[in-house]
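Single-letter residue listing:
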Amino acid sequence: MAKYWLQDAGFLEYSDLMTDTTADQLLKQAIALHRAGQWPDAERLYRTILQAQPHHASANHNLGMLALAADTPQAALPWLKRALEAEPGVEQFWQSYIQALINAGQLSQAQQLLMAAPLQHRQNLDRHFDLPLQTALTEQLARLYEQHRLDEAVLTARALLLRQPGDAGVLG
């Protein structure tokens, strides 16, 4: 039988044996709190789920989304990666992880992940990230060139050419 302790706010804080039903109930509560802007309470519930089920895809994803919303994309990456690894068939998990990589400035990793996405998701993901990734890579190329970091600039230019192979204009 599961053991539960209640938090001051009346939420389940810990269980040494959480059933899927309990996790689903907690997830619904956490999502409602998340949407209502009560992020600390939502985070606490997501973490409670993950204590019992570390690979729970939705709890990992939503915890990562909280980190993204708090403008800490680097902190979001491990959560979003776990969500994607747990359920690689969910397009939203690909989209969120790629966005976090872009926000964290890890553009080549974002490009690689985009290219590794399953074919059934590629068209939507390409359409969603074409301009943001193109813009971010172009800005990065300009910064690297201005900083005389030419080896890194060449790698960024190659990534740009992979995205737009017929567009030699990316090289200025």
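Up top is the structure these notes are about.
Residues numbered from 1 in each chain as written. Predicted model: local features only at pLDDT ≥ 70, side-chain atom pairs only at ≥ 80, totals over all residues. Heavy atoms only, no water.

### A word on the nonpolar core
For step 1, the next point in the chain: One finds Tyr97, Ile98, Ile102, Leu113, Leu125 and Leu133 to be the most contacted residues of the largest nonpolar core, which totals 31 residues.
For step 2, the next point in the chain: Looking at this core, the elements that each hand over two or more residues are α3 (57-69), α4 (73-86), α5 (91-103), α6 (107-116), α7 (119-146) and α8 (150-163).
For step 3, the next point in the chain: Within the second largest apolar cluster, 14 residues are counted, among which are Ala23, Leu45, Tyr46 and Leu50. (Core = buried A, V, L, I, M, F, W, Y, C linked by side-chain atoms within 4.5 Å. Buried < 20%, exposed > 50% of the residue type's maximum accessible area, 1.4 Å probe, protein only. Helix = DSSP H or I, 4+ residues; strand = E, 2+ residues; numbered from the N terminus.)

### Quick look at the layout of surface pockets
For step 1, the next point in the chain: The computed volume of the largest pocket comes to approximately 170 Å³.
For step 2, the next point in the chain: What lines the largest pocket is a set of 13 residues, and nearest its centre among them are Ser108, Gln140, Glu152, Leu155 and Thr156.
For step 3, the next point in the chain: The set of elements that each furnish at least two residues to the lining of the largest pocket consists of α6, α7 and α8.
For step 4, the next point in the chain: Among the elements that take part in the lining of the largest pocket, α8 stands out by supplying 4 residues, more than any other.
For step 5, the next point in the chain: Taken together, the residues that form the lining of the largest pocket break down as 5 nonpolar, 6 polar and 2 charged. (1 Å grid on protein atoms, 1.4 Å probe; cavity = no way out; pocket = protein on both sides within 12 Å on 5 of 7 lines; lining within 4 Å. Points joined across faces, edges and corners; volume = space filled by probe spheres on them. Nonpolar A, V, L, I, M, F, W, Y, C, P; charged D, E, K, R; others polar.)

### Details of the pattern of salt bridges
For step 1, the next point in the chain: Taken as a whole, this structure holds 4 salt bridges when the rule is applied.
For step 2, the next point in the chain: One salt bridge in this structure joins Glu43 and Arg47, with 2.9 Å as the shortest N-O distance. In this pair, Glu43 and Arg47 are both assigned in helix α2 (residues 39-52), 4 residues apart and thus about one turn of the helix distant.
For step 3, the next point in the chain: Under the relative-accessibility criterion, Arg47 is labelled partly exposed at 38%. (Salt bridge = Lys/Arg side-chain N within 4 Å of Asp/Glu carboxyl O.)

### Examining α5
For step 1, the next point in the chain: Over its 13 residues, α5 runs 18 Å from end to end, which matches the ideal 18 Å to within 8%, given 1.5 Å per residue.
For step 2, the next point in the chain: Among all positions in α5, only Phe93, Trp94, Ser96, Tyr97, Ile98, Ala100, Leu101 and Ile102 are buried.
For step 3, the next point in the chain: Two residues or fewer past α5, Gly105 is found with a positive phi of approximately 80 degrees. (Expected span 1.5 Å × (residues − 1).)

### Observations regarding the environment of Ser58
For step 1, the next point in the chain: Among the secondary structure elements, Ser58 is positioned in helix α3.
For step 2, the next point in the chain: The exposure class of Ser58 is partly exposed, given its relative accessible area of 27%.
For step 3, the next point in the chain: When the C-alpha atoms of Ser58 and Ala83 are compared, they prove to be 6.6 Å apart, with 25 residues separating the residues in sequence.
For step 4, the next point in the chain: Residue contacts for Ser58: discarding those within four places in its chain leaves Leu27 and Phe93. (Contact = heavy atoms within 4.5 Å.)

### Some thoughts on the packing of aromatic side chains
For step 1, the next point in the chain: Under the criterion given, the structure shown has 0 aromatic pairs.
For step 2, the next point in the chain: One cation-aromatic arrangement involves Arg82 over Trp79; the distance from NZ or CZ to the ring centre is 4.8 Å. (Phe/Tyr/Trp six-rings, centres within 6.5 Å; stacked < 30°, edge-to-face > 60°. Lys NZ or Arg CZ within 6 Å of the ring centre and 35° of its normal.)

### Side note on the environment of Leu101
For step 1, the next point in the chain: Tracing the backbone through its elements, the reader meets Leu101 in helix α5.
For step 2, the next point in the chain: We classify Leu101 as buried; its relative accessible area is 4%.
For step 3, the next point in the chain: For Leu101 and Ala76, which are 25 residues apart along the polypeptide, the C-alpha to C-alpha distance reads 9.1 Å.
For step 4, the next point in the chain: Ignoring any residue separated from it by four or fewer positions in sequence, one finds Leu101 in contact with Leu77, Gln106, Leu107, Gln109, Ala110 and Leu113.

### Description of the side chain of Asn60
For step 1, the next point in the chain: Along the chain, the position of Asn60 falls in helix α3.
For step 2, the next point in the chain: Judged by its relative accessible area of 0%, Asn60 falls in the buried class.
For step 3, the next point in the chain: With residues up to four places along the chain from it excluded, the contact list for Asn60 reads Leu50, Pro54, His55, Trp79, Leu80, Arg82 and Ala83.

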